[in-house]
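# A look at the structure
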Amino acid sequence: MKLGIFGGTFNPIHYGHLRAAEEVREKLKLDKIIFVPSGNPPMKDRELADARHRYKMVRLAAFKNRSFTVSDIEYKKKNKSYSVNTLKELHRLYKGARLYFILGIDAFIDIPNWWQPDKLVSLTDFVVISRPSFRFEELSSSPYLEADGNILKRLDSGKIESYKTGLKGGRDIIMMRLTALSISATLIRKLLHQDKSIKYLLPEEVESYIISTKLYKIKEGGKTLKKLKKQR
Ligand code: ATP
Ligand code: MG
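Residues numbered from 1 in each chain as written. Chains lettered and ligands numbered in written order. Predicted model: local features only at pLDDT ≥ 70, side-chain atom pairs only at ≥ 80, totals over all residues. Heavy atoms only, no water.

It is worth spelling out the site of ligand 1 at this point. Around ligand 1, the structure places 21 residues, and the nearest of them are His 14, Asp 106, Arg 131, Ala 185 and Thr 186. Leu 181 is positioned such that a nitrogen or oxygen atom in its backbone is 2.9 Å from a nitrogen atom of ligand 1. For ligand 1, the accessible surface in isolation is 600 Å², of which the surrounding protein chains cover 87%. Every element with two or more residues in the shell around ligand 1 is listed here: β1 (2-8), α1 (15-28), β4 (98-104), α4 (105-110) and α7 (185-193). By residue class, the composition of the shell around ligand 1 is 8 nonpolar, 10 polar and 3 charged. (Near = heavy atom within 4 Å. Polar contact = N/O pair within 3.5 Å; in protein donor to acceptor, adjacent residues only side chain to side chain. Areas by Shrake-Rupley, 256 points an atom, 1.4 Å probe, with all protein chains shown as cover. Helix = DSSP H or I, 4+ residues; strand = E, 2+ residues; numbered from the N terminus. Nonpolar A, V, L, I, M, F, W, Y, C, P; charged D, E, K, R; others polar.)

In structure tokens:
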């Protein structure tokens, strides 16, 4: 069994995530994609919706695709969860499965700042996906990747669609160009703060959930920003 593991804050999940998961699943003939929404961090972040909400939104987004499932491993944890532990747990849960850890270029670049990065890159194979505003060439500074700069340039220009090589530690890394969708959760939250439409950037079910729960409304002393502006 081949499983794609797609972690993130998913604050909220959007079509950039969903389309990427579907394309990776199809290209690598994966049996399933397991979304792993992160839990609550120890220090509260005003911009980050509670893990319960983010987990629910990922479930709403994933349920129509039979190859998508959602893991509560990180969301249920009281303490901060680390990808190293999540991957170890997934290995235990899916004995014998081959795991592919899916990340955007921006997230892969950040790995040296994660907990036990050397261990992390030894635990699974990696799939690093393209994302608008980021170039594969930026990976040439990664301490974990030994790739010819020319190949990274060829990926960025579209001369090649994907490239598989080795990571330090012996695992595989597959770099893959996907349909460029310039959507981010930051953009969605910004639009909501400005009371603008978020339609067609994320599934309708998730949009309705955000509207009905009033998630991402910045509160100042209990009032929404819109109400405050009206008063001024
Ligand atoms: P934020 O703007 O809050 O950081 P985000 O849109 O980057 O949100 P994350 O939950 O941080 O979403 O990302 C989870 C994973 O999905 C990361 O590996 C990220 O690189 C990848 N990703 C997010 N958006 C896209 C996109 N539009 N195309 C490809 N990959 C994406
Ligand atoms: Mg992000």
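Picking up after the structure, the text goes on.
You can see Arg 189 is positioned in helix α7. On the basis of relative accessible area, Arg 189 is assigned to the buried category, the value being 11%. Here the side chain of Arg 189 touches Glu 47 through a polar contact of 2.7 Å, side chain to side chain. What Arg 189 contacts, discounting residues up to four positions off in sequence, is Asn 11, Pro 12, Glu 47 and Tyr 216. (Buried < 20%, exposed > 50% of the residue type's maximum accessible area, 1.4 Å probe, protein only. Contact = heavy atoms within 4.5 Å.)

Here we come to the sheet that holds β1. Spatially, the 7 strands line up as an open sheet ordered β3-β2-β1-β4-β5-β7-β6, and their pairing is mixed. With one partner strand each, in any of the chains shown, β3 (68-70) and β6 (162-166) form the two edges of the open sheet. Each adjacent strand pair in this sheet contributes to an overall mean axis angle of 25°, direction not counted. Running at roughly 150° to β4, helix α3 (residues 83-93) makes contact with β1, β2 (32-37) and β4 of the sheet. (Pairing = 2+ DSSP bridges. Axes fitted to C-alpha atoms, helices over the stretch in contact; angles between N-to-C directions.)

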